[in-house]
Amino acid sequence: IYPKTLTDLEYLHNTAVAVDQNGTIVAIEPDYDLSQAASTFFPRLGWAPDSVSIHSSLASHNQFFFPGFIDTHLHAPQYPNVGIFGKSTLLDWLETYTFPLEASLSDPAKARTVYNRVIRKTLSHGTTCAAYYATKDVTTTNLLADLCLRAGQRALVGRVCMDQLSPKYYRDASAADSVAATRESITYIQSIDPTGAIVRPVITPRFAPSCSAPLMAELGKLAAETGLPVQTHISENEGEIALVKEMFPAKKIGAKGDTYTHVYDTFGLLTDKTILAHGVHLSEEEVQIIKARGSKVSHCPCSNSALTSGAARVRWLLERGIEVGLGTDMSGGYSPSVLEMARQAALVSRHVAMGYRERAKLTVEEVLYLATKGGAELVGMKGKVGGFEVGMEWDAQLIGLGRDVVDEEYEGEEKEEEGNVDVFGWESWPNKVAKWLFNGDDRNTKKVWVKGRLVHERK
Ligand code: GUN
Ligand code: FE
């Protein structure tokens, strides 16, 4: 099952998918007789059966393959703080909870523990690709890239740039230092994975208030020079927006307008490879600029609710042609699960709809599209991951919903192990998928592959 378009899932029943040793899907055979040996399948593709190693994984009753999830925005060093936010909102949350924790992760031993854990955790929830913010520390940012590469999780890894606003103990000494450290991290990450198939660097100005005008200008030039992706936060919280207006008046920075979006645009940070997290309070004018530059938006519903930032209008963005993906934004958001983000995106869209905008509601199919194919657009992997089509790569999860409740032999421990979803046996496949979206969790994520490699198996 995979999102064919924003509105429709494709259901390929009893289908065999052949994946070559590079992890690329080379053939799709519908209505394949699963009782046949796989070797009968390969000659039809023109291959000698002994020239390929055959991995077979069968989806059995109430099981299906689904594309791996793409978490388009999260902060690896903040993982120990998930759930810890009290009644804070963005700016006091950063001061109270976030900067102290991030600063402490310049300790390589602590960073190793936290980063290994966040990778294992997100993989176990089916996240095959993640756009990570690390910290300002180069050594441990590079360590995060090492650990993603070893675990086989695709990742954009960004060394966080911040030369103002944050406390002295956690701030780049100057714009020049910040850019030099960024270049150093980019060089390292490109050296460990020269093709960028698994890990890639991403230019990461934390957000406008943390970055001086000279720093943003230099990072914009770096993006143009290297063609690398950019990630940052935009228009998350009203206090933040007011701060940006005050810090970067249009006159002072030579902007053509006085919005948050104009600040990034003035410094060349809005490219077709820019991931903008949140975008809760964007105006029509701003969205038109973002659309013109081809920049994308990471919707972070859990974070936006937890930090009371607001309800982003995803339908409104989609209708304006903006590509949207989902982000856990840990630890602004408290959950490591992109499935949970899809669920919360559905609920937040209903809250937007309750403001008399009925068409704001997002369907099961739409939120699962955002979690996979939509996210692929944000991380520069359009047409490569997010679906099951010949030529795409096998980034996938095997989802199991357990046996039917009406199955008499099915009870006790086994049932508990299979999670929170109860399938009775008479549901249509679209209804089974809806049940997975609203009641599923990592107990249903049985196996996870990236580029054909098994990277997680639920024991
Ligand atoms: N804005 C600047 N830094 C952050 C961060 O770490 N998390 C979120 N959600 N917003 C930010
Ligand atoms: Fe964030």
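Just so you know, these numbers come straight off a predicted model, no measurement behind them.

Each value, and the rule that gives it
- Residues numbered from 1 in each chain as written.
- Chains lettered and ligands numbered in written order.
- Predicted model: local features only at pLDDT ≥ 70, side-chain atom pairs only at ≥ 80, totals over all residues.
- Pairing = 2+ DSSP bridges.
- Helix = DSSP H or I, 4+ residues; strand = E, 2+ residues; numbered from the N terminus.
- Axes fitted to C-alpha atoms, helices over the stretch in contact; angles between N-to-C directions.
- Near = placed C-beta within 6 Å.
- Nonpolar A, V, L, I, M, F, W, Y, C, P; charged D, E, K, R; others polar.
- Buried ≥ 20, exposed ≤ 12 C-beta atoms within 10 Å, placed from the backbone.
- Arc of directions from axis to C-beta.
- Contact = placed C-beta atoms within 7 Å.
- Domains from an automatic or database assignment.
- pLDDT = per-residue confidence, 0-100.
- Right-handed = clockwise from strand over helix to strand, strands pointing away.
- Parallel < 35°, antiparallel > 145°, perpendicular 65-115°, else oblique.
- Left-handed = near helix turned anticlockwise from the far one by under 90°.

**Concerning the sheet that holds strand β17 (residues 445-450)**
- Strand order in the open sheet formed by 4 strands is β5-β16-β17-β18, and the pairing between neighbours is antiparallel. Looking at the sheet topology across the chains shown, the edges are occupied by β5 (63-67) and β18 (453-457). Ignoring which end each strand starts from, the neighbouring axes of this sheet average 20° apart.
- For strand β16 (residues 396-400) and β17, the ladder comprises 4 bridges, and the chain directions are antiparallel. In the sheet register, Leu398 faces β17, and the bridge partner there is Lys447.

**What to know about the site of ligand 1**
- By nearness alone, every residue bordering ligand 1 is listed as His75, Leu90, Leu94, Thr98, Arg206, Phe207, His233, Glu236, Ser303, Asp329 and Gly332.
- With 3 residues, the top contributor of residues to the shell around ligand 1 is helix α1 (residues 90-104).
- When the residues that make up the shell around ligand 1 are grouped by side-chain class, the tally is 3 nonpolar, 5 polar and 3 charged.

**Observations regarding helix α9 (residues 284-293)**
- Turning to α9, its buried residues number three or more, namely Glu286, Val287 and Ile290. Axial view of α9: buried residues confined to an arc of 95°, hence all on one face. With respect to the buried face of α9, the exposed residues turned more than 90 degrees away are Glu284, Glu285 and Ala292.
- Residues of α9 that are buried make contact with α8 (260-266), β13 (274-278) and α11 (314-319).
- Looking one or two places after α9, you find Gly294, whose phi comes out positive at around 80°.

**Thoughts on the domain arrangement of the protein**
- Here the protein is described as being made up of domain 1 (2-67 + 386-457) and domain 2 (69-378).
- Placing a centre on the C-alpha atoms of domain 1 and another on those of domain 2 gives a separation of 31 Å.
- With 24 residues of domain 1 at the contact, the number on the domain 2 side is 24 residues.
- Of all the secondary structure elements, the ones that give two or more residues to the side of domain 1 that touches domain 2 are α15 (429-439), β17 and β18.
- If you tally residues by element for the side of domain 1 that touches domain 2, the top one is α15, at 4 residues.

**Brief notes about the environment of Pro108**
- With respect to the element layout, Pro108 can be found in helix α2 (residues 108-124).
- On the basis of neighbour counts, which here come to 13 C-beta atoms within 10 Å, the residue Pro108 falls in the partly exposed class.
- Distance in space between the C-alpha atoms of Pro108 and Thr140 is 5.9 Å, their sequence separation being 32 residues.
- Every residue in contact with Pro108, bar those within four places of it in the chain, is listed here: Thr139, Thr140 and Leu143.

**Description of unusual backbone geometry**
- Residue Ser331 follows Met330 across a cis peptide bond; omega there is 5°.
- The topology assignment puts Ser331 in the loop between β15 (324-326) and α12 (338-353).
- The backbone phi angle of Leu165 is positive, close to 75°, even though this residue is not glycine.
- Tracing the backbone shows Leu165 in the loop between β9 (160-161) and α4 (175-192).
- The backbone of Lys451 sits at a positive phi, close to 50°, despite the residue not being glycine.
- Looking at the secondary structure, you find Lys451 in the loop between β17 and β18.

**Overview of the confidence of the model for the protein**
- Averaged over every residue, the pLDDT of the protein is 93; the share at 70 or more is 92%.
- Across residues 49-54, confidence stays below pLDDT 50; counting only partners more than four residues off in sequence or on other chains, it has 6 contacts.
- Both scores are given for the predicted complex: the pTM is 0.96, the ipTM 0.99.

**Considerations on the pairing of strand β7 (residues 127-133)**
- In terms of residue burial, β7 counts as a mostly covered element, since 7 of its 7 residues are buried.
- Of the strand pairs in this sheet, strand β6 (residues 69-75) and β7 are connected by 5 bridges, and their pairing is parallel. Paired with Asp71 across the strands is Ala130, a residue of β7.
- For β7 and strand β8 (residues 154-158), the ladder comprises 5 bridges, and the chain directions are parallel. Opposite Cys129, over in β8, you have Arg154 as the bridge partner.
- In this view, the connection linking β7 to its parallel neighbour β8 by way of helix α3 (residues 138-151) has right-handed handedness.

**Topic: the environment of Ile28**
- Among the structural elements, Ile28 can be located in strand β4 (residues 25-29).
- A count of 15 C-beta atoms within 10 Å places Ile28 in the partly exposed class.
- C-alpha separation for the pair Ile28 and Ala155, spaced 127 residues apart in sequence, amounts to 27 Å.
- Once residues within four sequence positions are removed from consideration, Ile28 is found in contact with Thr15, Val17, Phe388 and Val390.

**Details of the pairing of strand β3 (residues 16-19)**
- Where β3 and β4 come together, 4 bridges link them in antiparallel fashion. Directly across from Val19, in β4, lies its bridge partner Ile25.
- From the end of β3 to the start of β4, which pair antiparallel, there are 5 residues, and Gly23 there has a positive phi angle of about 85°.

**Comments concerning the packing of α12 against helix α13 (residues 364-378)**
- Where α12 meets α13, the closest approach of the two axes is 9 Å, and the angle between their N-to-C directions is 140°. By the angle class used here, α12 and α13 are oblique. Considering how the two elements wind past one another, α12 and α13 form a crossing that is right-handed. Residue-level contacts link Val338, Met341, Ala342, Ala345 and Ala346 of α12 to Val367, Leu368, Leu370 and Ala371 of α13.
- Among the residues forming the contact of α12 with α13, the class breakdown is 9 nonpolar, no polar and no charged.

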